[in-house]
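Tertiary structure, described
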Amino acid sequence: MSTLFRDAMLVELDPPMVRQGDLRVSDGRIASVGRNLTLQQDDEIVDCGGAVLMPGLVNGHTHLYSSLAAGMPAPPRQPTNFLEILELIWWRLDRAHNFKSVTASGTVGALAALRCGTTTLVDHHASPNCIAGSLSALEAGIASVGCRGVLCYEVTDRNRDTEAREGLDETSRYARELSSRKNHRFSVLVGAHASFTLEEESFVGCVRLARELDTGVHIHIAEDPCDERITQEKFGCGLMERFERVGLLEIPGTIFGHGTHLSAEEFTRLGEHKDYLHLAHNPSSNMNNGVGYTPVVSATMPVVLGTDGIGADMWREARVAEFKSHDAQLSLPFGKSLGFLAESARLASRALGITLGSLGVGAAADLVLTGYRPATPLTTDNLAGHFLYALGPEFVRDVMIDGRWCLRGGEVVSCDERALRADAAAQAGELWSRM
Ligand SMILES: [Zn+2]
């Protein structure tokens, strides 16, 4: 199966590049790029009419298990701090999940992503009362839409003694399942909730498993001051000391979510491992939870952008990253958030073993065709201005993932969206009643 995109405004973020030309896709990869490419037998022709064609975007940190939360019943009382937000909202929701609702969450989250041109989701999953098999259930939901996923199960001790072991076992099981397929659609990281809910043996177990699987650890860090405070109280050391003690800072491909309350010195210490550690910045979520602003301008390690479960609109997240940095008087260099998106694609590329975020020959055919025909000059030099202030998800028209159409003319074609959403609504009702 091959497709020839004609007369496109080809836009890439890594490095920023704008050029006009054609692009040909064959067998799920980009086969050629250039001007006036020759039509080959059996090519499907897509006339882009000068509109922007770009690689699919990557959500660098999300929680699809919250996809069925829209409109759910209010918590028993209004949370007054971050720990109460977890206890009264998210930990009640994740405990209520069963396999069907996990799959429906994956589907709904992936549908939302697809419409925003987000084709890969780096997810951090929790469903404490259905752990074994949950990553496959989540994958089934995402795969039904056609998106890619870098998944993990959140290892924690917050509910019961055996919980961390079950989370580690599920990670191992899913890793074995994936190794029998090797199709670059899904991969696994070792998930860990956060230092403050991980006993020593469990934390060491995460690091050991990551070494065994040769993969990174995906963990929250200092999202709220309670992470440092409880770590001090329970384990007699600070976050960085604990990470060093268990060997976490030596695990390549590790993702630290948030870092909102890291000191400048702690940022520097993490930055010493910048060749292989990432910070996932989630500015919308940080604002929503009222936990403060992550001084991401201080980060010397690679920064990826995530929505932390609030949809999958990476344009919104890039804008919020820029705007909030100004609001906090810690301004990012203009357009820095496009670099964060590029880094998200690099991270997912390494995890999945395929090149994402590129229009180069050999890269994955994860493509977003927009209806955006710029009304002002668009060049490599001013791409950030268009990306942040004009081009957005409202222009996403067609999305191809792995060379297969998933969205055409704004309609989902990879699955029966209406039926899946109806099923999800039924699952959501039951999920809420179990909370
Ligand atoms: Zn998170």
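Residues numbered from 1 in each chain as written. Predicted model: local features only at pLDDT ≥ 70, side-chain atom pairs only at ≥ 80, totals over all residues. Heavy atoms only, no water.

Looking at an unreviewed UniProt entry, the chain carries the name 8-oxoguanine deaminase, with the source organism given as Bythopirellula goksoeyrii.

When helices and strands are tallied, the chain shows 13 helices and 19 strands. A compact globule built from 435 residues would reach a C-alpha radius of gyration of about 22 Å, and the chain, at 21 Å, matches this within 12%. C-alpha atoms of the chain, sized along the principal axes, occupy 65 × 45 × 40 Å. When each of the 435 residues of the chain is scored for burial, the buried share is 61%. Of the contacts made within the chain by residues no fewer than 6 positions apart, 75% connect residues no fewer than 24 positions apart. Accessible surface, the chain: about 16,300 Å² in total, of which carbon and sulfur atoms supply 51%. (Helix = DSSP H or I, 4+ residues; strand = E, 2+ residues; numbered from the N terminus. Rg over C-alpha atoms; globule rule 2.2 N^0.38 Å. Buried < 20%, exposed > 50% of the residue type's maximum accessible area, 1.4 Å probe, protein only. Contact = heavy atoms within 4.5 Å. Areas by Shrake-Rupley, 256 points an atom, 1.4 Å probe, with all protein chains shown as cover.)

Moving on, we come to the coordination of the zinc ion. For the zinc ion, the full set of protein donor atoms is H61 (NE2), H63 (NE2), H220 (NE2) and D308 (OD), at a range of 2.0 to 2.2 Å. What the four donor atoms of the zinc ion show is an angle range of 90 to 166 degrees at the metal, which sorts the shape as irregular. Binding-site remark: the zinc ion is held by donors from one chain whose sequence spacing is H-x1-H-x156-H-x87-D. Here H63 is found in the loop between β6 (57-62) and α1 (82-96), whereas its partner H220 is found in strand β12 (residues 217-221), with 157 residues between them in sequence. (Donors = N, O, S within 2.8 Å, 3.2 Å for Na, K, Ca; no water. Tetrahedral: all angles 85-135°; square planar, octahedral: opposite > 155°, others 65-115°.)

Enumeration according to the criterion identifies seven aromatic pairs in this entry. Look at F334 and Y389: their rings are 6.3 Å apart centre to centre, the planes differ by 10 degrees, and that puts the pair in the stacked class. Taken together, the residues span a long stretch of sequence, with F334 in the loop between α10 (314-327) and α11 (336-352) and Y389 in helix α12 (residues 383-389) at a distance of 55 residues. With respect to burial, F334 and Y389 carry one shared label: exposed. Through a chain of ring-to-ring contacts, the aromatic side chains of F203, F243 and F256 assemble into a single cluster. Over the face of the ring belonging to F235 we find R242, whose NZ or CZ atom lies 3.5 Å from the ring centre. Directly above the ring of W405 sits R408, whose terminal nitrogen or CZ lies 3.8 Å from the centroid. (Phe/Tyr/Trp six-rings, centres within 6.5 Å; stacked < 30°, edge-to-face > 60°. Lys NZ or Arg CZ within 6 Å of the ring centre and 35° of its normal.)

Here we take up the layout of surface pockets. Considered as a void within the structure, the largest pocket measures approximately 640 Å³ in volume. In terms of lining, the largest pocket is formed by 28 residues, of which the most central are S187, T215, R350, A351 and L352. Contributing elements (two or more residues each) for the lining of the largest pocket: α4 (163-179), β10 (186-188), β14 (277-281) and α11. Broken down by element, the lining of the largest pocket gets its largest block of residues, five residues, from α11. Per-class residue counts for the lining of the largest pocket are 13 nonpolar, nine polar and six charged. Put simply, the second largest pocket is a space of about 440 Å³. Forming the boundary of the second largest pocket are 26 residues, of which L86, W90, S285, N289 and D308 lie nearest the centre. Going through the elements one at a time, α1, β11 (190-194), α6 (225-235) and α9 (283-289) are the ones with two or more residues in the lining of the second largest pocket. Ranked by the residues each element gives to the lining of the second largest pocket, the list is headed by α1, at six residues. (1 Å grid on protein atoms, 1.4 Å probe; cavity = no way out; pocket = protein on both sides within 12 Å on 5 of 7 lines; lining within 4 Å. Points joined across faces, edges and corners; volume = space filled by probe spheres on them. Nonpolar A, V, L, I, M, F, W, Y, C, P; charged D, E, K, R; others polar.)

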